[in-house]
Amino acid sequence: GESVGLHLPTLSVQEGDNSIINCAYSNSASDYFIWYKQESGKGPQFIIDIRSNMDKRQGQRVTVLLNKTVKHLSLQIAATQPGDSAVYFCAETGAGNNRKLIWGLGTSLAVNP
Amino acid sequence: DGGITQSPKYLFRKEGQNVTLSCEQNLNHDAMYWYRQDPGQGLRLIYYSQIVNDFQKGDIAEGYSVSREKKESFPLTVTSAQKNPTAFYLCASSEVDTQYFGPGTRLTVL
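The rules behind each value
Residues numbered from 1 in each chain as written. Chains lettered and ligands numbered in written order. Predicted model: local features only at pLDDT ≥ 70, side-chain atom pairs only at ≥ 80, totals over all residues. Heavy atoms only, no water. Pairing = 2+ DSSP bridges. Helix = DSSP H or I, 4+ residues; strand = E, 2+ residues; numbered from the N terminus. Axes fitted to C-alpha atoms, helices over the stretch in contact; angles between N-to-C directions. Contact = heavy atoms within 4.5 Å. Buried area = accessible area lost by both parts, 1.4 Å probe. Salt bridge = Lys/Arg side-chain N within 4 Å of Asp/Glu carboxyl O. Phe/Tyr/Trp six-rings, centres within 6.5 Å; stacked < 30°, edge-to-face > 60°. Buried < 20%, exposed > 50% of the residue type's maximum accessible area, 1.4 Å probe, protein only. Lys NZ or Arg CZ within 6 Å of the ring centre and 35° of its normal.

Residues and elements named next belong to chain B. One open sheet accounts for four strands, arranged E1-E3-E8-E7; its pairing is antiparallel. At either margin of the open sheet sits one strand with a lone partner, and together these are strand E1 (4–7) and strand E7 (64–66). Looking at each pair of strands side by side, their axes are set apart by 20 degrees on average, direction ignored. Pairing geometry for E1 and strand E3 (residues 19–25), over four bridges, is antiparallel. By the bridge assignment for E3, Gln-6 is matched with Cys-23.

Structural data, given as structure tokens:
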């Protein structure tokens, strides 16, 4: 299953399928991007990050893709499990001394058994 | 066991009262942050501190105050001037860019 972030805030997938969560970022000067997972009632948990000098980075069952041409970031989750159900946030950091994160609105992922 | 702790987990206050939320980290991070999250919403930055004895306003600082007297501590006070304080409050810390979050404090104004 695939979402388009702000336009489709809820993504529903079957257990075992691959999930793709998309994020459009705002600042072409941003040089650091990060994905967080937030379960209900808990703080956001770091998943994976990527710097602007890379196009792709892989972790355990997760891959982040960065397309700077169209300012697009995606998170791919392989073999989605019920424990992956959560809200996923992307964030970006601009260049310079001010390293504040600019947050997306989040995408809710629901995994159906 | 390194991490960020926030206390209390749940907090109730009456209108007109100030309340202070605790945030402590033992990660030896220089920077600390406070965010507010409303139901079904993203995170909004209240205050941040990049070094001890220095802090900056974020996007929604009105009605809040902070202090950074020690590297490991960054308490947030929600004052009576904050018109809609009921929310989930999250504290984070970072060394460079990656922010790590505490478990959050849910504040309810009665």
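A separate point is the pairing of strand E4 (residues 45–51) of chain A. Residues and elements named next belong to chain A. Here strand E3 (residues 32–38) pairs with E4 via six bridges, running antiparallel. Looking at the pairing, Ile-34 lines up with Asp-49 of E4. Linking two consecutive strands that pair antiparallel, namely E3 and E4, is a turn of six residues; a positive phi of about 80 degrees is found at Gly-41 within it.

Across the contact, 21 residues belong to chain B and 21 residues belong to chain A. Contact between chain B and chain A buries roughly 1,500 Å² in total, counting both sides, with carbon and sulfur atoms accounting for 51%. For chain B, the biggest contributors to the area lost against chain A are B:Leu43, B:Asp97 and B:Phe101; these three give 34% of the whole. Where chain B meets chain A, there are one salt bridge.

Here we come to the packing of aromatic side chains. For the coordinates displayed, the defined rule picks out twelve aromatic pairs over all chains. Relative to B:Tyr89, the ring of B:Tyr64 has its centre 5.9 Å away and its plane inclined at 65 degrees; by these criteria the two rings are edge-to-face. Highlighted residues: B:Tyr64 in strand E7 and B:Tyr89 in strand E9 (residues 87–94), separated in sequence by 25 residues. Both residues of the pair, B:Tyr64 and B:Tyr89, count as buried. An aromatic cluster is defined as three or more aromatic residues linked by ring pairs; in this entry it consists of A:Tyr36, A:Phe89, A:Trp103, B:Tyr33, B:Tyr35, B:Tyr48 and B:Phe101. Looking at B:Arg68, its charged tip hangs above the ring of B:Phe74, at a distance of 6.0 Å from the centre. Directly above the aromatic system of B:Phe88 lies the positively charged group of B:Arg106, at a separation of 4.6 Å from the ring centroid.

So, on to the pairing of strand E4 (residues 31–37) of chain B. Residues and elements named next belong to chain B. Of all seven residues that make up E4, seven are buried, and the element is covered over most of its length. The two faces of E4 match: Ala-31, Tyr-33, Tyr-35 and Gln-37 on one face and Met-32, Trp-34 and Arg-36 on the other face are all buried. Where E4 lies against E9, seven bridges are found, and the strand directions are antiparallel. For Gln-37, the partnering residue across the bridge sits in E9 and is Phe-88. As paired strands, E4 and strand E5 (residues 43–51) are joined by six bridges and run antiparallel to one another. Bridge pairing links Met-32 to Ser-49 in E5. In textbook terms, the turn of a hairpin is the stretch between consecutive antiparallel strands, and for E4 and E5 this stretch comprises five residues, one of which, Gly-40, has a positive phi near 70 degrees.

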